[in-house]
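Fold and contact review
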Amino acid sequence: MRAHPITIEVVRNAVNAYANEMATALCKSAYNMMIYEVRDFCCGLIDTESRMISQNKGGLPIFLADLGIAVKDGIERIGLNGFKPGDVVIMNHGHICGQHLNNIVIYAPCFHEGKVVVFAANRAHWVDVGGMRVGFGSTATTEIFHEGLQFRSLKIYEAGKRNETLWQIIEDNVRFPESCLGDLRAQVASCQLGVRRYGELVRRYGIETVQSCIHSIWDNAEREARAFVEKIPDGVYEAESFLDNDGRNLDVKLRIKVKVIVDGSKMTIDFSEMHEQVPGPLNSGYSGGMAAARIAFKCLTQPDAPVNEGCFRPLDMILPEGKLLNARPPAALGQWSVPLPTVIDTILKALAPALADRIPAGHKGEIGGYSFSGFRQEDGKRFLLMNIVGGGWGGRPHEDGEDASVSICQGDVRNAPVELQEIQYPFVIERHALRPDSGGAGRYRGGFGVEITYRALQKTSVNINFERTLDPPWGLHGGRPAAINKAIVQRRDGTEQVVFKGTGIQLDAGDRVTFLTAGGGGWGEPRIRDGTAIADDIVHGYVTVEAARRDYGYEPARDNAAE
Amino acid sequence: MHAYADPAHEAAAGAILRRRLPDLFVTLSHEILREFREYERTSTTTLNAFVGPRVNRYLGRLEGFARQARFGGKIQIMRSNGGTMSIDQARREPVAMMESGPVAGMIGAGRLARLMGIDRAIGFDMGGTTAKTSFIIDGVPPIEEGYLIGDEFTGQPMQLPVIDIVEVGAGGGSIAWCDQGGGLHVGPTSAGAEPGPACYGRGAEDPVVTDADLVLGRLNGERFLGGDMRLDTALAEAAISRKVAEPLGLELTEAALGIVRIADTAMSLAVRAVSVNRGIDPRDTVMIAFGGAGPLHATAIAREIYVPTVIVPKLPGNFSALGMLMAEWRKDFVRTLFGQLGRIRPLDAEHAFAELWAAGEQALMRDRFAATSGKFEYAADLRYRGQEHTIAIRIGRPEDLTSATAVSRARFNEQHDRRYGHAAPDQSIEIVNLRLVVTVPRMDDTIGDWLSQSWTPTAAAEEQRRRVVFDDGVGPIEARVLWRPALAAGTEIVGPAVIEEAGSTTLIHPGDRAAISRWGHIVITLAERS
C-alpha cells in the first residue's frame, strides 16, 4: 500500500520536525557547554530494526551513523518484548558504540497498541565519565578502562521508575555530577518528547500508513542518491594521506589509505589498507569508519536533504577488524574523532579526478579542540573549559574556501563566545582573529585559519592536540598546501615553546597560549589568480605583501600603493 | 567586549565620535542589545549601523512632510516584535523595524483568527515582490528571540525579538523569464512599482505574474484599483508572447498559466513549511489571505496543500496597513540581575525593579505618553543552577523573587516541564535577567472593532460575466464577476467566480463555495479534490 502523497509529505516533515524539537529541548535544558553552545549531540527516531527514520538538522555529522548501532545492541540484549512503556536505556559501551565514552546515548521506546513501534534516541557529550583524565585532548590513555565508566544497554528507568543504584554509581564516579545528571535528565526528557510526538503521529494516521510513508521516504532518498552515483564514471579511485602520530609513538605516522569503487549506482569505500589500530587513543570502533564513509557519501550525493536510512543504501564499506577505524577491544577511544576529517578528505581526494568540478582542496582536517582545567582560586572548585575553533576549508572549483569553519565532521558546531568563556572561566582572551597567510595559495585560495590567545589568570593546565602538521591540508590541480596547526605557549618571562600535542601542560597566572589553526589548501595554479582578488586580500590584511609576491608573483601597482 | 554588562568604554568611544563627527550615524551595541554573545551583538549592531543613515534620512523627511501638512498626532513606527515605537526611537534603532511590514499584517490576521475562534491559522500575505506566511496559534503569531537575515547558512543574525515569518520571492511583480535550457522561471527579480508590469503601460517589456493573471482573465483590466487605473491586456499578451511563449514554443494561455503555476508552487512550499515543519497538518488549519495579490492566488495554494478553508478579510489590499493600526506601542527592556530565587538580596531585586520601572517611564515620557498610561509587565529569566538557557517567567513585584517565591518556583517548574518535558522541583533556581515589557493600549481601537462590525453593502453594482482560465486543458470558462462592496452578508457564491474590489481580487475556482460572513469577510470552502 502506498500512502497518499500529501500524507507522505506530512510524515516526512513531521518526523524531521520531531527530531529537531527533541534537539531544541535537549539543547535548551542542558547543563554543559558542549551541548548548549558547541552542540555536540544528536537526536533521532530509530525503528525497531535499528534503522534511522530521522535525525535532527545541525549538530554533528559524525553522529550520522550510529544511533542505530547503539539501539541495535539494546534490542538484541533486552529483546523487543523486554521493553515496557516508561523504560529509558543508557548506552556508551566503547566497543559497540566505537566512540569516546563521553558520548552517552539515551533512548526510550514508543508503544502503540502494546507494541514497540519506534525508539526516540539521542547522544550527547557529557563533560566527564570518570577515567584518568578530565576533558578532551588527552593522549595519556592506552586502553578503554583508562577512559571512564561504560554502560552497556542498561535501563536507567524501568517502567517509569528510576534505577537508583545506577544513578548513584554515576553520581559517585564522575567529576561533575550535577552537570552530568542534569544532562541525563535533559536527554531523558528529549526522548520522552520524541516518544510522545511519534505516538500522536501513529494514532492520527495509523501505524501501517506511517510505516508505509517511512518506506517511501527511504526509497525516495535511495533513488536520489543512486541517481548521483550513476553519474560518476565506473572505476576504482584511490588516495592516501597520513596523520602525524597517535600521541604515544611520536615517530610513527598513521597511513590513511582509501579506495573508492564505483560500479553503476553503487559505491563501495574500502578501508582495508588503512593503518592498524594504535596504542594511543586515536582509534574508533566500526562506527568511526561508517561515519567517515557516510559523511563523504552524503555530502556528494544529497548535501541538502534530511538524513535517513535510505540515503545510505547505495553505499557499501569494507573495513576489517583491527584497523584504526575498527579497533579491537580494549583499544583506547578517547580521540576517536580526530582521524575522521582526514579520512573524509582523502575519500574526496580519491574522487577528484572523476568529479573535477565538485571536489575542493583539503580542509584543515582535524577537530580543533583544546581544553583547560584546574581548581578555582576562590573556592577550590574544579573547572573545565572546552572549546572548538575553526580553520580554513579548501579552495573550490569556482571560489575561495571558507574561513574559520569547523571540520567537515562537525557541521554547525560553534566556537564558544569569548564573552561566555571569560564570564565562566579564569582567562582573558586577548586576541581572536583570522590568521593571515594561512590559506593555501591557488587560483581559488584556501580559507583562513584562526588565531586565539588565552592569558591565564590563575594556575591551570591545558591539553593541546593538533594534527596534520606533517601532511598539511593539500592543494588540488596546482594549488598549494595551507599553513599547519600549531600552539605557542608563552611564559610570563617571555620564553616561548611551540607545541603540537601536549597533555596537562601546566600554566601559571600570566602565561599565555596562542592557538593557530590550519588554513585550507589552494585550488588551481596560483599564478592565474585574479589580480583584484589578490589586491583585495592584501587590503583586508588576509595575505601579506611578502606572501603575495612569493606565492602569486604579485607586484602591487605603484599608483595603487600610493592611494 | 562585555558592553552588555558595563558599557563605559563603548559609551566613551561613542561620545568622542559623536562630538568630533556630529553628522555621523553612530550606533553602540549596548544601546541596541544588553545581552552577552559578541558575535550576535556585533552583527545586530552592524546591521543597525548599515541601515541607519538611510532610514534616518528617510524618517526625517517623512516627519518633515507630516509636520508641514500640519499632522499633530504621534507618528508611530512598526517594530519587528509586533508593537510600535516612536519615530525618534526608530531613527536611533532602525534595525528594530526589520520585517515589520509583514509583521503588521500577521498582527491583523491574529486578531481576526481570535475573533473568529480559529486556533490554527496560516497568515498569507502576497504583495508585489514577495509572499509572506506565518503560523498563528490562538491568535498569536510566534515570536523568535532573533532571526537570520538571509538563509540559515550565510545569514546575518539579528538578535532582537521578531515575529516568525517565512518569506518567498514570489509576488505580483515577479518577472517571468526563460533560461537557455528552455526552463521557465518566475522571480526572484521583481519589476517593482516602476516600470511595473507590462500591462501598466509604462514601457516594461518583461512579463510578470500580474500580466499572466490579466491574460488569463483573472484580473479585470477595466476595474483595477476600482477603475482608477486601466490595465492593457494587449501589452501583457505581447510581453508574455515575446519573452515566454515564443521562446518555449507555447500557446499564449499555456505560457500565462505556466507562469502562475510556478509562482503558486513556490508559495505553496513556503506555506506548507510553516505548518508541517511544526508537525501540524495543513488540513487542520485555516488560511487568512491578504495583500493585493493574496486573495487571487490563495485558493490555488490552499488546494495544493489541502488547506480546506480560506478567509479573505475586509479590505485585504490594505490589511497590513490596518494591522499596524491594531498594534500597541511596545518596548522591551532587560537588566542583568544575578542571584538565586528566594535567596537574592531584597535590596538588589528592588533596585533592579526600580531601574527598569524608571527606564520604562522615561521611554514613555520621551514618546510623550503619561507614565500612568503604560501597562508594565515584568518577567524574570530563570533556570536551574548549572543550565545556560533560561525561561522568562511572569512576575509582579520584587517579593516574587525574594520571599514568597513558591508561585514563581511553581510557574518555572511548570513552564520547564511544558517546554522541555521535565522539571527538577528540588533543584535551586537561578535568576539571570529581569525583563520589562511596557505597552500602551491604543487610545481607540477603531480598526480592531471594525473587524467584527456587522457588514452592510456600501454600493450597488450589476453582476457581470467574463471568460476566465482556471485550469490546464479546460480553456476559458464563463465566470460570474461580482463587486464585493455590493455583496450582502449571508450571500453564497459557488465558483467559477471572481469577486472584485478596489484593492484586490478574490478568485473562486469551480466548485469552491464562498460565503460573505456577518462581519463581511469572505469565507471560502474549497471543493474536495477528485
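To keep things clear, this report deals only with the structure shown in the data block. Predicted model, so just to flag it, every value in this text is computed and none were measured. (Residues numbered from 1 in each chain as written. Chains lettered and ligands numbered in written order. Predicted model: local features only at pLDDT ≥ 70, side-chain atom pairs only at ≥ 80, totals over all residues. Heavy atoms only, no water.)

**What about a nonpolar patch on the surface?**
- A cluster of nonpolar side chains, contributed by Leu17, Leu21 and Leu24 of chain B, occupies part of the molecular surface with about 250 Å² of accessible area.
- Here leucine 21 of chain B shows up in the loop between helix H1 (8-20) and helix H2 (29-32). (Patch = residues over 30% accessible without salt bridge, like charges linked within 9 Å, V, L, I, M, F, W, Y side chains within 5 Å. Areas by Shrake-Rupley, 256 points an atom, 1.4 Å probe, with all protein chains shown as cover. Salt bridge = Lys/Arg side-chain N within 4 Å of Asp/Glu carboxyl O. Helix = DSSP H or I, 4+ residues; strand = E, 2+ residues; numbered from the N terminus.)

**Brief notes about helix H3 (residues 67-78) of chain A**
Residue and element names in this part refer to chain A.
- In this model, H3 (12 residues) spans 17 Å end to end at C-alpha, consistent with the 16 Å of a helix rising 1.5 Å per residue.
- Regarding H3, the residues found buried are Leu67, Gly68, Ile69, Ala70, Val71, Asp73, Gly74 and Ile75.
- Looking one or two places after H3, you find glycine 79, whose phi comes out positive at around 80°. (Expected span 1.5 Å × (residues − 1). Buried < 20%, exposed > 50% of the residue type's maximum accessible area, 1.4 Å probe, protein only.)

**Quick word on the sheet that holds strand E14 (residues 427-434) of chain A**
Residues and elements named next belong to chain A.
- Pairing within the open sheet is antiparallel, and its five strands lie in the order E14-E15-E20-E17-E18. The open sheet has two edge strands, E14 and strand E18 (496-499), and neither has a second partner. Going from strand to strand, the sheet's axes swing by 15° on average, the running direction of each strand aside.
- Strand direction decides the pairing type here: strand E17 (residues 486-490) and strand E20 (residues 512-516), joined by five bridges, are antiparallel. Residue pairing for E20: glutamine 490 is matched across the bridge by arginine 512. (Pairing = 2+ DSSP bridges. Axes fitted to C-alpha atoms, helices over the stretch in contact; angles between N-to-C directions.)

**Digging into the nonpolar core**
All names here are of chain A.
- The biggest cluster of nonpolar side chains holds 143 residues, and the ones touching the most others in it are Tyr198, Phe271 and Leu351.
- At 11 residues, the largest contribution of residues to this core is made by helix H6 (residues 177-205).
- Looking at this core, you find at least three residues from each of domain 1 (5-221) and domain 2 (360-563).
- If near-sequence neighbours (up to four positions away) are discounted, phenylalanine 271 is found in contact with Lys257, Val258, Gly289, Ala293, Met317, Ile318, Leu319, Pro320, Lys323, Leu325, Val343 and Ile347. (Core = buried A, V, L, I, M, F, W, Y, C linked by side-chain atoms within 4.5 Å. Domains from an automatic or database assignment. Contact = heavy atoms within 4.5 Å.)

**Describing the packing of aromatic side chains**
Residues and elements named next belong to chain A.
- Tallied over the full model, the rule gives 22 aromatic pairs over all chains.
- Seen in terms of ring centroids, tyrosine 370 and phenylalanine 515 are 3.8 Å apart; in terms of plane orientation they differ by 5°. Their pairing is stacked. Linking tyrosine 370 in strand E12 (residues 369-375) with phenylalanine 515 in strand E20, this pair joins segments that are 145 residues apart in sequence.
- On the basis of relative accessibility, which here comes to 1%, the residue phenylalanine 515 falls in the buried class.
- Clustering of aromatic rings is evident, with ring pairs tying together Tyr370, Phe372, Phe383, Tyr425, Phe427, Tyr454, Phe466 and Phe515. (Phe/Tyr/Trp six-rings, centres within 6.5 Å; stacked < 30°, edge-to-face > 60°.)

No statement about biological role is implied by the geometric values presented.
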